[in-house]
Amino acid sequence: FELISDEGYRFDGRKPSELRRVRCNMGVFTQADGSAYIEQGNTKVLAAIYGPHEASNNMRSRVCLDKCFINCEFSQAMFSSAERKKRSRGDRKGKDMSAHIKQTFEAAVRTQLYPRSQIDIYLQVLHSDGSLYCACVNAATLALIDAGIAMKDYVCACSASLTKETSLIDINHVEELAGCAEFSAAIMPKLDQIIYSELNGRIHQDELGQLVDAVTNGCKDIFAVIDRFEVITDNTEIAVSPRSLHS
Amino acid sequence: MAKVMLGESEKWFIIHGIQDDMRNDGRSCEDYRHIEVETGVVSNTHGSSRLRLGSSELLVGVKVELGSPDPKAPNEGLIHFHVDCSPNADPSFQGRGGEDLSANISCILTRIYCNKSSIDLNTLGIIPHKQCWVVHVDVLILECGGNLLDAVSIAVKAALHNTGVPNIQVTDGDEGTQEISLPDDPNDVKFINTVNAPVLVTISKVGSRHVVDASSEEELCCNASLVMGVTKRGRTTGMRKMGGGSLDPESIPEMIETGKNIGRQLHISLDKLLKTEQGMAEDIEKAGYL
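Definitions and cut-offs
- Residues numbered from 1 in each chain as written.
- Chains lettered and ligands numbered in written order.
- Predicted model: local features only at pLDDT ≥ 70, side-chain atom pairs only at ≥ 80, totals over all residues.
- Heavy atoms only, no water.
- UniProt positions renumbered as here; feature names shortened; annotations may be inferred.
- Salt bridge = Lys/Arg side-chain N within 4 Å of Asp/Glu carboxyl O.
- Helix = DSSP H or I, 4+ residues; strand = E, 2+ residues; numbered from the N terminus.
- Buried < 20%, exposed > 50% of the residue type's maximum accessible area, 1.4 Å probe, protein only.
- Patch = residues over 30% accessible without salt bridge, like charges linked within 9 Å, V, L, I, M, F, W, Y side chains within 5 Å.
- Areas by Shrake-Rupley, 256 points an atom, 1.4 Å probe, with all protein chains shown as cover.
- Axes fitted to C-alpha atoms, helices over the stretch in contact; angles between N-to-C directions.
- Parallel < 35°, antiparallel > 145°, perpendicular 65-115°, else oblique.
- Left-handed = near helix turned anticlockwise from the far one by under 90°.
- Contact = heavy atoms within 4.5 Å.
- Nonpolar A, V, L, I, M, F, W, Y, C, P; charged D, E, K, R; others polar.
- Buried area = accessible area lost by both parts, 1.4 Å probe.
- Polar contact = N/O pair within 3.5 Å; in protein donor to acceptor, adjacent residues only side chain to side chain.
- Pairing = 2+ DSSP bridges.
- Core = buried A, V, L, I, M, F, W, Y, C linked by side-chain atoms within 4.5 Å.

Going by the annotation in an unreviewed UniProt entry, the name recorded for chain B is Exosome component 7, with Ciona intestinalis given as the source organism.

Taking an unreviewed UniProt entry as the reference, chain A is identified by name as Putative exosome complex component RRP41 belonging to Ciona intestinalis. Turning to chain A, the UniProt annotation filed under Function (unreviewed entry) states: "Non-catalytic component of the RNA exosome complex which has 3'->5' exoribonuclease activity and participates in a multitude of cellular RNA processing and degradation events." Taken directly from UniProt, the Subunit (unreviewed entry) text for chain A runs: "Component of the RNA exosome complex."

## Some points on the pattern of salt bridges
Taken as a whole and assessed by the stated rule, the structure comprises 25 salt bridges over all chains. Glu175 of chain A is the salt-bridge partner of Arg14 of chain A, the closest N and O atoms lying 3.7 Å from each other. Taken as a pair, Arg14 of chain A in the segment before β1 (22-26) and Glu175 of chain A in helix α3 (residues 173-177) lie far apart in primary sequence, 161 residues in all. Both residues of the pair, Arg14 of chain A and Glu175 of chain A, count as buried. Across the salt bridge formed by Arg50 of chain B and Glu38 of chain B, the nearest N and O atoms sit 3.1 Å from each other. Of the two residues, Arg50 of chain B is situated in strand β2 (residues 47-53) and Glu38 of chain B in strand β1 (residues 35-39); the sequence distance between them amounts to 12 residues. Neither residue differs from the other here; Arg50 of chain B and Glu38 of chain B are each classed as buried. Members of the salt-bridge network, linked through shared partners, are Arg10, Asp12, Arg14, Arg20, Asp129, Asp170 and Glu175 of chain A.

## Overview of a nonpolar patch on the surface
Residue and element names in this part refer to chain A. A cluster of nonpolar side chains, contributed by Phe1, Phe11 and Val174, occupies part of the molecular surface with about 360 Å² of accessible area. Here Phe1 is to be found in the segment before β1. Exposure remark for Phe1: the relative accessible area of 73% places this residue in the exposed category.

## Some points on the packing of helix α1 (residues 92-108) of chain A against helix α2 (residues 132-147) of chain A
Residues and elements named next belong to chain A. Interhelical geometry of α1 versus α2 gives an angle of 45° and a closest axis separation of 11 Å. Classified by the angle their axes make, α1 and α2 are oblique. Between α1 and α2 lies a crossing whose hand is right-handed. Across the interface between the two elements, Lys93, Met97, His100, Ile101, Thr104 and Phe105 from α1 touch Leu132, Tyr133, Cys136, Val137, Ala140, Thr141 and Leu144 from α2. By residue class, the composition of the contact of α1 with α2 is nine nonpolar, three polar and one charged.

## Regarding the interface of chain B and chain A
At the junction of the two partners, chain B supplies 52 residues and chain A supplies 46 residues. Here chain B and chain A share an interface that buries about 4200 Å² over both sides, 53% of which is from carbon and sulfur atoms. Of all residues in chain B, Asn88, Tyr289 and Leu290 of chain B give up the largest surface area on contact with chain A, accounting jointly for 19% of the area buried on that side. Connecting chain B to chain A are one salt bridge. A salt bridge links Asp138 of chain B to Arg84 of chain A; the shortest N-O distance between them is 2.7 Å. Summed over the shared surface of chain B and chain A, the number is 15 residue pairs in polar contact (both at pLDDT 80 or more).

## Describing the pairing of strand β8 (residues 169-172) of chain B
Looking down a regular strand, the side chains alternate between one sheet face and the other. All names here are of chain B. Across four bridges, the pairing between β8 and strand β9 (residues 178-181) is antiparallel. If you follow Thr171 over to β9, its bridge partner there is Glu179. Counted along the chain from β8 to the antiparallel partner β9, the turn is five residues long, and its residue Glu175 has a positive phi close to 50°.

## Considering the sheet that holds strand β8 (residues 182-188) of chain A
Residue and element names in this part refer to chain A. The strand order across the open sheet formed by four strands is β7-β6-β8-β9, and the pairing between neighbours is antiparallel. A single partner strand is all that each edge strand has here, and the edge strands are β7 (166-169) and β9 (193-200). Here the average twist between neighbouring strands, direction ignored, is 25°. Direction of pairing for strand β6 (residues 156-163) relative to β8: antiparallel, over a ladder of six bridges. Counterpart to Ala157 in the pairing with β8 is Ala186.

## With respect to unusual backbone geometry
Comment: phi is negative for the bulk of residues other than glycine, and the bulk of peptide bonds are trans. Going from Gly51 of chain A to Pro52 of chain A, the amide bond is cis rather than trans, its omega being 0°. Secondary-structure assignment places Pro52 of chain A in strand β3 (residues 43-54). A positive phi angle, close to 55°, is found at Asn147 of chain B, a residue other than glycine. Relative to the elements of secondary structure, Asn147 of chain B occurs in the loop between β6 (131-143) and α3 (148-161).

## Quick look at the pairing of β1 of chain B
All names here are of chain B. Across the five residues of β1, five count as buried, placing the element largely inside the fold. The two faces of β1 match: Ile35, Val37 and Thr39 on one face and Glu36 and Glu38 on the other face are all buried. Relative to β2, β1 runs antiparallel, the two sharing five bridges. Note that in β2 the partner of Glu36 across the bridge is Arg52.

## Quick word on the nonpolar core
Core analysis: the largest hydrophobic core is formed by 63 residues, its most contacted members being Ile141, Val156 and Leu160 of chain B. In terms of residue count, α3 of chain B provides more of this core than any other element does, 10 residues in total. Not counting residues up to four positions away in its chain, the partners in contact with Ile141 of chain B are Glu57, Leu58, Val83, Asp84, Cys85, Ser86, Ala89, Ile105 and Leu148 of chain B. Residues Cys24, Cys68, Cys72 and Ala143 of chain A belong to the second largest nonpolar core, which totals 59 residues.

Put into structure tokens, the structure is as follows:
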């Protein structure tokens, strides 16, 4: 089947270079040092940061004398995907994702400012609908900002896929399943540096440049949304009125 | 860190406050903290709920699947509970750290629900001996702020109340076989009847008095506690003593009485809320974590 219609629209009605709706919130938890929630379309991720703190007992061996180390765990709720799937903590997919996120933030956090300490990044996926890595990175960035941890720049991530010589950004689960090549990257938008990139699948070398450009633009769009959110929360309290009960 | 540490004098302050019926957050001994419940928050589940009790935060997702019934009860459906402790709540849950707590909570839930009157499992049966609905209740603990058990049970009741099981059609096929067909309309569902679903009430003994809904600080000061499953009509469906200390046999009937009263009140407020939630239009914006 075709990922883009003849009129140039995608399944969910987006244009090829359009992001899904991004909504976010910071400081959702009280006990964690920093926390954030992000929604990119139907992909929903909660991030929590603990630290910088003294290394916990089972991680003493990872302590560095000149900088802090980052500990990351990615977990997915059982009900997050369409089919209920029993996932044990620390399965291969989770470990792989944790390692990628850890690597990304080791490049972005000013680790040398926190010698002999540990920073924990915990990510919990509540609803998964494609571009999980990207949503996790964006959520972790917000949570690190909420925790007040020094970073070189924001880290924004976006994914893209290529079909009929058109690049689609921020791909969802259906588009992921279609089996086209998938490219994800995390950039530092103000420094204009790529700190993570991954390509699954096969594309022609000449098309890579186009894909990188599309992803970079996507990341900048995400940066604009996140940055604007930052400004809003600085000035006004966002009013949330969930229905509640007293007993 | 989420770990709470109290000094000797802080403990005395909390215990003495409870003797005078004044807890350190201003509540009396039989008051609950503020509870926030929202249903239908995860769109790819059949039913879901989000609950915040004080600083405890939970998300429950219910999914129903077709499966084969237990040979001992061929006409009934099945209900499974699974609790997952996210490291977001406490770094000590990283890796396999939360498994003990998860297993403990899911055992208690199974115990209070494996009761004929709690949920009518016959309504989940489809073809005897062959096919039935299997209800998976997945609890995700996102923040621990004391009194997790009560919070979990309230959230589970809310999520089950919100769960729509597809209305399945059974038709007779060739040679005495039976065929099932799912409805085309995803909104063609039957809601699970949760009138008799129990909630857990934890009564903690602190000094010579008992309190309900202990915060994590109060949990450190308490000797032992009694957890009981209470239905809407005030019947107990299960009970368990928790904690390291011991209880005076004379104080137990008193605690049970308190538990029943509190449980009844909890059901009344929860049912009222669930009714209004169900009556609201589908397209209403959920607050979630935004």
